[in-house]
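Structural features, examined
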Amino acid sequence: FELGHARGSSHDHSRLIRLSYHRPHYVRLAQQAYTAWAALEAEAGEQLIVKTGGLDFAPRQSAIPLADYSDSLAACAVPFEHLDAAEIMRRWPQFRLTDDLHGLYQADAGIAPAARATATHLRLARAHGAAIVTSAPVTALRDHGGEIAVSAGGQTYRCRRLVVTAGAWTNNILAHFGLHLPLTVTQEQVTYYATPHLAEFQPGRFPAWTWMDEPCFYGFPVYGEAAVKAAQDVGGDEVTADTRTFDPNLTMQARLTAFLERYLPRAAGPVLYTKTCLYELPPDRDLVLDQFPGHPAISLAIGAGHGFKFAPLIGRVLSELALDGHTATDLTPFSASRPLLQRADPPKHFML
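Let me sum up the structure you'll find in this document. On a predicted model such as this, the values are computed, not experimentally measured, just so you know.

Next up on the list: the pairing of strand β8 (residues 148–152). Summarising burial for β8: five of the five residues are buried, a large majority. Because side chains alternate across β8, one face comprises the buried residues Ile 148, Val 150 and Ala 152, and the other comprises Ala 149 and Ser 151, equally buried. For strand β7 (residues 138–143) and β8, the ladder comprises five bridges, and the chain directions are antiparallel. Bridge pairing in β8 links Ala 140 to Ser 151. Counting the residues in the hairpin turn of β7 and β8 gives four residues, including Gly 145, whose phi is positive at 55°. Inspection of the sheet shows β8 paired to strand β9 (residues 155–159) by five bridges, in the antiparallel sense. Bridge assignment links Ser 151 to a residue of β9, and that residue is Thr 156.

On to the pattern of salt bridges. This structure, assessed with the given rule, holds 16 salt bridges. Between Asp 12 and Lys 275 there is a salt bridge whose closest N-O contact spans 3.4 Å. Residue Asp 12 is found in the segment before β1 (15–17), and its partner Lys 275 is found in strand β15 (residues 271–281); the two are separated by 263 residues along the sequence. Classification of Asp 12 by relative accessible area gives buried; the value is 5%. In this structure, the salt-bridge partner of Arg 90 is Glu 87, at a minimum N-O distance of 2.8 Å. Taken together, the positions of Arg 90 and Glu 87, both in helix α3 (residues 85–91) and three residues apart, correspond to about one turn of that helix. Under the relative-accessibility criterion, Arg 90 is labelled exposed at 58%. Residues joined by salt bridges that share partners form a network here, namely Glu 81, Glu 87, Arg 90 and Arg 91.

A few words now on the sheet that holds strand β17 (residues 295–302). Strands sit in the order β10-β17-β16 across an open sheet of three strands; the sheet is mixed. Every other strand in the sheet has two partners, leaving β10 (162–164) and β16 (288–292) as the edge strands with one partner each. Strand after strand, the sheet turns through a mean of 20° between neighbouring axes, direction not considered. Looking at chain direction, β16 and β17 are connected through five bridges and run antiparallel. Among the inter-strand pairings, Val 288 is bridged to a residue of β17, identified as Ile 302.

Next up on the list: empty space enclosed by the protein. Where empty space is left can be seen by rolling a probe of water-molecule size over the atoms. Evaluation of the coordinates by the stated rule reveals three cavities of 30 Å³ or more. Looking at the largest cavity, it is lined by 14 residues, and the ones nearest its centre are Arg 18, Gly 54, Leu 55, Asp 56 and Ala 109. Secondary-structure elements contributing two or more residues to the lining of the largest cavity are β3 (54–59), β5 (101–106) and β12 (208–211). In terms of residue class, the lining of the largest cavity is built from eight nonpolar, four polar and two charged. For the second largest cavity, the calculated volume is near 40 Å³. What lines the second largest cavity is simply Phe 201, Phe 206, Trp 209, Phe 220, Val 228, Lys 229, Ala 230, Leu 260, Leu 264 and Ala 267. Ranked by residues supplied to the lining of the second largest cavity, first place goes to strand β14 (residues 228–233) with three residues. Taken together, the residues that form the lining of the second largest cavity break down as nine nonpolar, no polar and one charged.

Another point: the layout of surface pockets. Here the second largest pocket defines a volume of roughly 220 Å³. His 22, Arg 23, His 349, Met 351 and Leu 352 are the residues nearest the centre of the second largest pocket, which is lined by 14 residues in total. Those elements that provide at least two residues to the lining of the second largest pocket are α1 (24–44) and α2 (66–75).

Turning to the packing of aromatic side chains, a few remarks are in order. Throughout the structure, instances matching the rule amount to 20 aromatic pairs. With 6.1 Å between their ring centres and 85° between their planes, Tyr 218 and Phe 220 make a pair best called edge-to-face. Chaining the aromatic ring pairs together yields one cluster made of Phe 57, Phe 95, Phe 201, Phe 206, Trp 209, Trp 211, Phe 217, Phe 259 and Tyr 263.

Cut-offs applied
Residues numbered from 1 in each chain as written. Predicted model: local features only at pLDDT ≥ 70, side-chain atom pairs only at ≥ 80, totals over all residues. Heavy atoms only, no water. Buried < 20%, exposed > 50% of the residue type's maximum accessible area, 1.4 Å probe, protein only. Helix = DSSP H or I, 4+ residues; strand = E, 2+ residues; numbered from the N terminus. Pairing = 2+ DSSP bridges. Salt bridge = Lys/Arg side-chain N within 4 Å of Asp/Glu carboxyl O. Axes fitted to C-alpha atoms, helices over the stretch in contact; angles between N-to-C directions. 1 Å grid on protein atoms, 1.4 Å probe; cavity = no way out; pocket = protein on both sides within 12 Å on 5 of 7 lines; lining within 4 Å. Points joined across faces, edges and corners; volume = space filled by probe spheres on them. Nonpolar A, V, L, I, M, F, W, Y, C, P; charged D, E, K, R; others polar. Phe/Tyr/Trp six-rings, centres within 6.5 Å; stacked < 30°, edge-to-face > 60°.

Below, the structure written as structure tokens:
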């Protein structure tokens, strides 16, 4: 497709970046990602990450236990605060919470600007000599004994190493080598609410937030639009990259609006617009970041609907795998050969 298209997962104004994760290896990966973002910002000469602080909040008995997050943060010596409902509302009176709720606050969380950061990556890639070829669908991939031939857009390219970051189209690419992963593609969406109380939701006055229960919701301060952005995580229908639509799911939108009206009533203004995107989900919802089993010349990254915060780190790791065949980053938890990915019909668990 053309650059800046809205058919995948990495468009729109904002993505959540945070250190708060359910397992220590993700916390450590996020720490490395912050370092990679800082290196990108230094070379680009522009600030990209907008730190707003991040609040994870939930019932004390929830489908996504906050204890997993606090334990992982503590194991990695990342500072955080455990807040009761009264303290959350004291700091951010925009919330309307009951005493059975609690939260974790981590000050380094914030916004990774998706469209802007992608444009910065492209600008620097070109400055380093990369050729960016657009509107060139891949029609054939062939292994020629040490070289891979890629036919795309009427041209054939030969390479020693192939990197696949095809999102919802991943299995279309892998099929050329007789490979397949048990991925679920879903059509998700975000909604911008034109609250009349914009001043209350500016960065610096309001955090990025995640509701850690099922259904799971998340949202941002005002950024990119004169509105607040919120969404349900993994609430959409299963689709393919070809059968997806761009039509909002009104049931999902109503569910999200009801949540905001209950817990963030001053954010629930008129809907400015709803925008769709695709998630490509391994059955455990863990990232895939690895050389493909049996094909060491092919490296693969799958973001699992939470990968953009790691973007510059993933790029660095993929380049190291392509150039050196190895990386110092521990990829064991993200192996393409983990047992669950070898099963034809594995159990699925997308909550994290």
